[in-house]
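# Coordinates in review
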Amino acid sequence: MNTVALPAWNSLGLIPPVTERHPTSAERSPYTVSLTDLVLRFGHTSQRRKVLNGFLKYRAALHEVGLVSGFQWLDGSFLENVELLEARAPNDLDVVTFFDLPIGKTQGDIFQQFPELFPTSRDSHSKLKEMYSVDAYVEHLGKSPSRLVRQASYWYSMWSHRRNQVWKGFVQIDLAPSVDAQAIAQLEKLANQGDPCVIRHDLVQLLAEQTALKRMIESTPIEDALDRGSLTARLEEIEYQITEAKLTEREPARARITFNGRPVVGSYGIFVDFGTKIIGAFNEAVTSVAASLSGGLAATGPIPNREQNQLLITNTALGSFGFDLEEYRSALSMMDETSKLDLAIECTQHLLQGSIEADDELLADTVAELDQRALDKVRAFISTLADNEAVCTLQYRNQVFRFSDVGQVRRSLERLGRDNLREDEQVLIGEFQGVLPRRRTFEFKIAGTDEFIVGRVSPNVEDVELINQHLHQQVEIRTMVTRVGDGRPRYVLLALPQW
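Rules used throughout
Residues numbered from 1 in each chain as written. Predicted model: local features only at pLDDT ≥ 70, side-chain atom pairs only at ≥ 80, totals over all residues. Heavy atoms only, no water. Phe/Tyr/Trp six-rings, centres within 6.5 Å; stacked < 30°, edge-to-face > 60°. Helix = DSSP H or I, 4+ residues; strand = E, 2+ residues; numbered from the N terminus. Buried < 20%, exposed > 50% of the residue type's maximum accessible area, 1.4 Å probe, protein only. Lys NZ or Arg CZ within 6 Å of the ring centre and 35° of its normal. Pairing = 2+ DSSP bridges. Polar contact = N/O pair within 3.5 Å; in protein donor to acceptor, adjacent residues only side chain to side chain. Contact = heavy atoms within 4.5 Å. pLDDT = per-residue confidence, 0-100. Patch = residues over 30% accessible without salt bridge, like charges linked within 9 Å, V, L, I, M, F, W, Y side chains within 5 Å. Areas by Shrake-Rupley, 256 points an atom, 1.4 Å probe, with all protein chains shown as cover. Salt bridge = Lys/Arg side-chain N within 4 Å of Asp/Glu carboxyl O. Axes fitted to C-alpha atoms, helices over the stretch in contact; angles between N-to-C directions. Core = buried A, V, L, I, M, F, W, Y, C linked by side-chain atoms within 4.5 Å.

With that out of the way, let us pick up the packing of aromatic side chains. In this structure the tally under the stated criterion is 19 aromatic pairs. Ring plane angle 35° and centroid distance 5.2 Å describe the contact between Tyr137 and Trp155, whose orientation is recorded as tilted. Taken together, the positions of Tyr137 in strand S4 (residues 134-140) and Trp155 in helix H6 (residues 145-159) put the pair 18 residues apart, joining distant regions of the chain. Geometrically, the ring pair formed by Trp159 and Phe170 is edge-to-face, given 5.9 Å between the ring centres and 85° between the ring planes. Within this pair, whereas Trp159 is found in helix H6, its partner Phe170 is found in the loop between H6 and strand S5 (171-174), the two being separated by 11 residues in sequence. What makes Phe170 buried here is its relative accessible area of 0%. An aromatic cluster is defined as three or more aromatic residues linked by ring pairs; in this entry it consists of Phe71, Trp73, Phe98, Tyr137, Tyr154, Trp155, Tyr156, Trp159 and Phe170. A cation sits over an aromatic face here: Arg41 above Trp9, 5.7 Å from the ring centre.

So this is what it looks like as structure tokens:
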């Protein structure tokens, strides 16, 4: 089995789902890595070495019962920078073992040989986890192709993103015992070196997984004892998590913005005239972006839902001089969802980052999501910086944006200017090829050509799923086409067509 180098954690503390420099290459999740590389990469604390030691013992037990051919998918907080993300150590390693049966053996034979290794209930699953520090499941590679694809797709869909829908990568390793002795030796070596100095369940996701597991159990034959038992144990664990889930209030969006330049006196203070103007301009920008993302922002008139998208100044931030900002929550949902203000701060940060990069792609993608009025508010914020010969740093989640000097601020303003960002309403004739209602993206074939376009559906458009009822029918659609410089166009569907 050929292996690759595992990418470093990204700024979110996750393994990226694709290699960021070459996103279209074949090197992508699940990354096939060697067992020894896994130990070297993740064995840097005593708690992580404890989990790895349990995992290696689990592999040895599988080998002992004859399961030596196949591969394992590894995932969970163990593969994340969970010490930074959640201020805790990982407790176990999530494992799915895809195995070939030894010649002449059935799943029943293997189960009878070592039933503790193949739990069929939540209690027996917990005992396995306690014994080996693994949250382990198994899949037989010899099942019918349709079932194998369906169940592998299930694990991939569960493991390719966190419960907050952030995409991430995971790992594949060979099941063969050829390098286990080396991995054990490497783990002991790391233990002798010592340690270096150094937020809740999404109920909707759990319910969806519960439904998927029930369907797979129904379609799994009784005689496939290992497959059925593994799925049953997983279902019991998910149902336990559902009963224990508490709908606690999510954390508010928080950001830190600091300033430097002519109106800032080191880390001592900031001139009141500039401070009030720049914070007001930033608040207007974020509030307008939130309204634009929520369903469109008219060219004039009050900004919709302003009272639901307000920022509080909760503290001063030193380093240069600035402020800690926090989302004001008056009547937020108790569900652990991302608010529009959360998305708006992230979008504003992407817009600022795109405005200073040579590549137009990030800027074009972000601009296409926003109305002109929201863009004007962001321009006003940058213009206030430029007029006062100031720069800023915006920290949000694990991302940091920074203007290096006033010249870069002015170039950012030019790249966000109307001469460089061009929007035109355009009527297209052709056929819808499909739409993803939740992601609000569509594919459309232009009539009389071989050209296909992919675009976004405007937040103003309701009943997006209706498009899938009229695929491959010639229609006329209204789109907003956005171009940044000489870059490729971005399309936004402004309304449903007349069918």
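Each regular strand carries side chains that alternate between the two faces of the sheet. Judged by which residues are buried, strand S17 (residues 490-493) turns out to be covered on both faces: Arg490 and Val492 on one side and Tyr491 and Leu493 on the other are all buried. Across three bridges, the pairing between strand S15 (residues 452-457) and S17 is parallel. What sits directly across from Val457, in S17, is Leu493. The pairing of strand S16 (residues 474-484) with S17 spans four bridges and is classified as antiparallel. Paired with Met480 across the bridge in S17 is Val492. Between S16 and the antiparallel strand that follows it, S17, lie five residues; Gly485 among them carries a positive phi value of about 55°.

The five strands lie next to each other as S1-S5-S2-S3-S4, forming an open sheet whose pairing is mixed. Every other strand in the sheet has two partners, leaving strand S1 (31-32) and S4 as the edge strands with one partner each. For strand S2 (residues 70-75) and S5, the ladder comprises four bridges, and the chain directions are antiparallel. Paired with Phe71 across the bridge in S5 is Asp174.

Of the two faces of strand S14 (residues 441-446), the one holding Phe442, Phe444 and Ile446 is buried and the one holding Thr441, Glu443 and Lys445 is not buried anywhere. Here six bridges tie strand S13 (residues 421-436) to S14, and the two strands are oriented antiparallel to one another. Each residue of the ladder has a partner; that of Phe432, found in S14, is Phe444. Joining the antiparallel neighbours S13 and S14 is a turn of four residues, in which Arg440 adopts a positive phi near 55°. Judged from the five bridges that link them, S14 and S15 form a sheet pairing that is antiparallel.

Right, let's get into the side chain of Asp180. As for its placement among the helices and strands, Asp180 is situated in helix H7 (residues 180-193). Of the residues examined, Asp180 reaches a relative accessible area of 8% and is grouped as buried. Of the polar contacts made by the side chain of Asp180, one reaches the side chain of Arg59; its length is 2.8 Å. Setting aside anything within four residues of it in sequence, one finds Asp180 in contact with Leu35, Leu56, Arg59 and His63.

This brings us to the confidence of the model for the chain. For the chain, the mean per-residue pLDDT works out to 86, and 91% of the residues sit at or above 70. pLDDT under 50 marks residues 197-201. Its contacts with residues more than four places away, or in other chains, come to 11 contacts. Counting interchain partners and residues more than four positions distant, the pLDDT-below-50 stretch residues 331-336 has 12 contacts.

On the surface, a nonpolar cluster with roughly 380 Å² of combined accessible area is contributed by Val265, Tyr268 and Phe271. With respect to the helices, strands and loops of the structure, Val265 is situated in strand S7 (residues 264-265). Under the relative-accessibility criterion, Val265 is labelled partly exposed at 44%.

The next thing to look at is the sheet that holds S16. A barrel is described by the order of its strands in space; here five strands give the closed sequence S13-S14-S15-S17-S16, paired in mixed fashion. Adjacent strand axes in the sheet meet at a mean angle of 55° when their direction is disregarded.

We now examine the environment of Ala281. When you line up the elements, Ala281 lands in helix H10 (residues 272-295). Considering only alpha carbons, one finds Ala281 and Ala380, 99 residues apart in sequence, at a separation of 6.7 Å.

Counting residues in each nonpolar core, the largest one holds 58 residues, and the members touching the most others are Phe55, Tyr58 and Leu117. The element that contributes the greatest number of residues to this core is helix H2 (residues 46-64), accounting for seven residues. One finds Ile278, Leu363, Ala386 and Val406 within the second-largest nonpolar core, a separate group that totals 49 residues.

Close approach of charged atoms allows side chains of opposite charge to pair. Throughout the structure, instances matching the rule amount to 20 salt bridges. Close ionic contact of Arg122 with Glu237 constitutes a salt bridge, the shortest N to O distance being 3.6 Å. For the salt bridge of Asp227 with Lys143, the shortest nitrogen-to-oxygen distance reads 3.2 Å. One salt-bridge network, held together by shared partners, links Glu139, Lys143, Arg147, Asp224 and Asp227.

Within an α-helix, residues lying three or four positions from one another point in the same direction, as the helix has 3.6 residues per turn. Among the residues of helix H14 (residues 406-415), Val406, Gln408, Val409, Ser412 and Arg415 are the ones counted as buried. Looking at the buried residues of H14, the elements they touch are helix H11 (340-356), helix H12 (361-367), helix H13 (372-387), strand S11 (390-396), strand S12 (399-402) and S13. Structurally, the start of H14 carries an N-cap: the backbone nitrogen of Gly407 is 3.1 Å from a side-chain oxygen of Asp405.

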